[in-house]
Amino acid sequence: MDKSAASAYVYAKVCGMLAKSYVGERAAKLFSVKSLNELWGLLFTEEVPAVPETLLARQIEKKTEEKFINEYIKLVSCYSKPVKLLVNLLRSYDYENIKEIGAALCFNEDKMPEVVDIGSFSEINYKEWPNIAKMTENSAFSWYNKIPDIHEQQLNDTKLDQQFIYEMDKAIKELPLNEREVARTLFKEEYILKNIAWVMRLKVYYGLKKEDILPRLAYSSVNHDETDELARKAIEIIDYPIDSYSEWADWEYKDLLNPNEEGVVWNLDPRWFEGEARKRDNRIAEKLLHRYPESIAVLLCFFKMKAYEMDCVRSIAEGLKMNVDTGHIMQAAGVTK
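Residues numbered from 1 in each chain as written. Predicted model: local features only at pLDDT ≥ 70, side-chain atom pairs only at ≥ 80, totals over all residues. Heavy atoms only, no water.

1. Here's the deal with the overall build of the protein chain
Along the protein chain, the regular secondary structure elements total 12 helices and zero strands. Going from N to C terminus, the protein chain has its helices and strands arranged as α-α-α-α-α-α-α-α-α-α-α-α. Expected size for 337 residues packed as a compact globule is a radius of gyration near 20 Å; at 21 Å, the protein chain falls within 12% of this value. Expressed along its principal axes, the backbone C-alpha trace of the protein chain runs to roughly 60 × 50 × 45 Å. Counting across all 337 residues of the protein chain, residues that qualify as buried make up 47%. Once local pairs closer than 6 in sequence are excluded, the contacts in the protein chain between residues at least 24 apart make up 61%. Accessible area of the protein chain: about 17,600 Å², with a carbon and sulfur share of 50%. (Helix = DSSP H or I, 4+ residues; strand = E, 2+ residues; numbered from the N terminus. Rg over C-alpha atoms; globule rule 2.2 N^0.38 Å. Buried < 20%, exposed > 50% of the residue type's maximum accessible area, 1.4 Å probe, protein only. Contact = heavy atoms within 4.5 Å. Areas by Shrake-Rupley, 256 points an atom, 1.4 Å probe, with all protein chains shown as cover.)

As structure tokens, this is what we get:
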């Protein structure tokens, strides 16, 4: 299919798929179920497997992820030469797989960990397990060529995260000018919010100081400058108090903070912020999808929205398994009724 015909076909297919997906307002329906059996029935046509609840929750998550990946691969494959950015999104699973493999080898595990299969798009040679050098040979991960100790494994995870961001940024710069801006909008906003949420977590849960937080952020360049477009807004709040709302009152993202009630002690809640950030990120994708119907935005938005749906499925499955209040799960997932 030539690019124009493929784009028109992909847009039509994506609209049809999303109409049946639990995204946008339909996401709340996931949280109306009362059991894992009911959740399975909502998502799949096959009979519910006769397995314990802990295994059923995992099967639901795995099957949802596999379905999403297969759908995305079919859509990307409509293009005879898909642009690098679309392939990079899929290869984000390679990055997570290498982290899992590195951790397994670090802890001397005999069995290869469960990985996400992205088929021919993968750069990892899984048949060479447990030879990490052979698994990563001639790939973007060829530098990851020896079994790490625990300290190296954590450093490698950070290096992988940063490498993925550089690769995404590079792929965005290769796009035609008319597609570059929408791709950058989706990518940039996501990582700005992730950096902010990460700063909040490190402050609230670990009490880390600025000098300990800065190396853990995602940057758009190797310089790790405090004016970096992805890290700057997160760095600005590092010294904000976590128990006083007044200094956050005029902040750009104050609408994503947990509510401040008069007469009630306020404390920053990173989980609340993350839920609201996910909701915001998903709304942006919904709007851009239909604003640019025959551009790269369609598959970028589809990937983001379906990944959000997958996060919701994972949240409700884990919540049902652990008997967590549905309202708390919805808030954490950024879903409202």
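2. Focus: unusual backbone geometry
Where the residue is not glycine, phi is negative for most of them; where a peptide bond is considered, it is trans in most cases. Following Trp 129, the chain continues into Pro 130 via a peptide bond in cis, with omega recorded as 5°. Secondary-structure assignment places Pro 130 in the loop between α4 (84-106) and α5 (132-136). You will see that Asn 108, though not glycine, has its phi angle at about 60°, which is positive. Residue classification places Asn 108 among the exposed positions, given a relative accessible area of 66%. A positive phi angle is found at Asn 138, which is not glycine, with a value near 60°. Within the secondary structure, Asn 138 is located in the loop between α5 and α6 (150-173). Given the relative accessible area of 75%, Asn 138 is considered exposed.

3. A short note on the nonpolar core
One finds Val 14, Tyr 72, Leu 85 and Leu 299 to be the most contacted residues of the largest nonpolar core, which totals 62 residues. Looking at this core, the elements with two or more residues in it are α1 (3-19), α3 (53-76), α4, α5, α6, α7 (177-204), α10 (270-291) and α11 (297-321). When neighbours within four sequence positions are excluded, Leu 299 is seen to be in contact with Val 10, Val 14, Tyr 72, Leu 75, Val 76, Tyr 79 and Leu 86. Core analysis: the next-biggest nonpolar cluster, separate from the first, contains 25 residues, Ala 197, Val 199, Ala 231 and Tyr 253 among them. (Core = buried A, V, L, I, M, F, W, Y, C linked by side-chain atoms within 4.5 Å.)

4. Comments concerning the pattern of salt bridges
If charged atoms from side chains of opposite charge come close, those side chains can pair. Applying the stated criterion to the full structure yields 29 salt bridges. Ionic pairing is found between Glu 61 and Arg 314, a salt bridge with its closest N-O pair at 3.9 Å. Note that Glu 61 is positioned in helix α3 and Arg 314 in helix α11, a separation of 253 residues in sequence. Here Glu 276 makes a salt bridge to Lys 279, at a shortest N to O gap of 3.2 Å. With Glu 276 and Lys 279 both in helix α10, this residue pair falls three residues apart, about one helical turn. Here the salt bridges do not stand alone but share partners, grouping Arg 58, Glu 61, Lys 62, Glu 65, Glu 114, Asp 311 and Arg 314 into one network. (Salt bridge = Lys/Arg side-chain N within 4 Å of Asp/Glu carboxyl O.)

5. Some details on the packing of aromatic side chains
In the structure shown here, the tally under the stated rule is 13 aromatic pairs. Between Tyr 245 and Trp 266, the ring centres sit 5.3 Å apart and the planes meet at 75°, which makes this aromatic pair edge-to-face. Placement of Tyr 245 in the loop between α9 (232-236) and α10 and of Trp 266 in the loop between α9 and α10 is noted, with a sequence separation of 21 residues between them. Grouped by ring-pair contacts, the aromatic residues Tyr 240, Tyr 245, Trp 248, Trp 251, Tyr 253, Trp 266 and Phe 273 constitute a single cluster. (Phe/Tyr/Trp six-rings, centres within 6.5 Å; stacked < 30°, edge-to-face > 60°.)

6. Overview of the packing of α7 against α11
Running from N to C, α7 and α11 point in directions that differ by 25°, and their axes come no closer than 9 Å. Considering the angle they form, α7 stands roughly parallel to α11. When the axes of α7 and α11 are compared, the crossing they make is left-handed. Across the interface between the two elements, Val 182, Ala 183, Leu 186 and Glu 190 of α7 pack against Ala 297, Leu 300, Cys 301 and Lys 304 of α11. Here the contact of α7 with α11 is composed, by residue class, of six nonpolar, no polar and two charged. (Axes fitted to C-alpha atoms, helices over the stretch in contact; angles between N-to-C directions. Parallel < 35°, antiparallel > 145°, perpendicular 65-115°, else oblique. Left-handed = near helix turned anticlockwise from the far one by under 90°. Nonpolar A, V, L, I, M, F, W, Y, C, P; charged D, E, K, R; others polar.)

7. Observations concerning the state of the cysteines
Applying the stated rule across the entire model yields zero disulfides. Free of any disulfide, Cys 301 has its nearest cysteine sulfur in Cys 15, 11 Å distant. (Disulfide = S-S within 2.5 Å.)

8. Let's talk about the environment of Ser 92
With respect to the helices and strands, the residue Ser 92 is situated in helix α4. Distance in space between the C-alpha atoms of Ser 92 and Ala 218 is 15 Å, their sequence separation being 126 residues. Leave out the neighbours within four places in its chain, and Ser 92 touches Phe 164 and Phe 303.

9. As for a positive patch on the surface
A cluster of basic residues, Lys 13, Lys 20, Lys 67 and Lys 74, forms a positive patch at the surface. Mapped onto the elements of the fold, Lys 74 is located in helix α3. (Patch = residues over 30% accessible without salt bridge, like charges linked within 9 Å, V, L, I, M, F, W, Y side chains within 5 Å. Lys, Arg positive; Asp, Glu negative; His and termini not counted. Charge placed at Lys NZ, Arg CZ, Asp CG, Glu CD.)

10. So, α10
The first and last C-alpha atoms of α10 sit 32 Å apart over 22 residues, in line with the 32 Å expected at 1.5 Å per residue. Of the residues that open α10, the one with a side-chain oxygen 3.0 Å from the backbone nitrogen of Arg 271 is Asp 269. (Expected span 1.5 Å × (residues − 1). Polar contact = N/O pair within 3.5 Å; in protein donor to acceptor, adjacent residues only side chain to side chain.)

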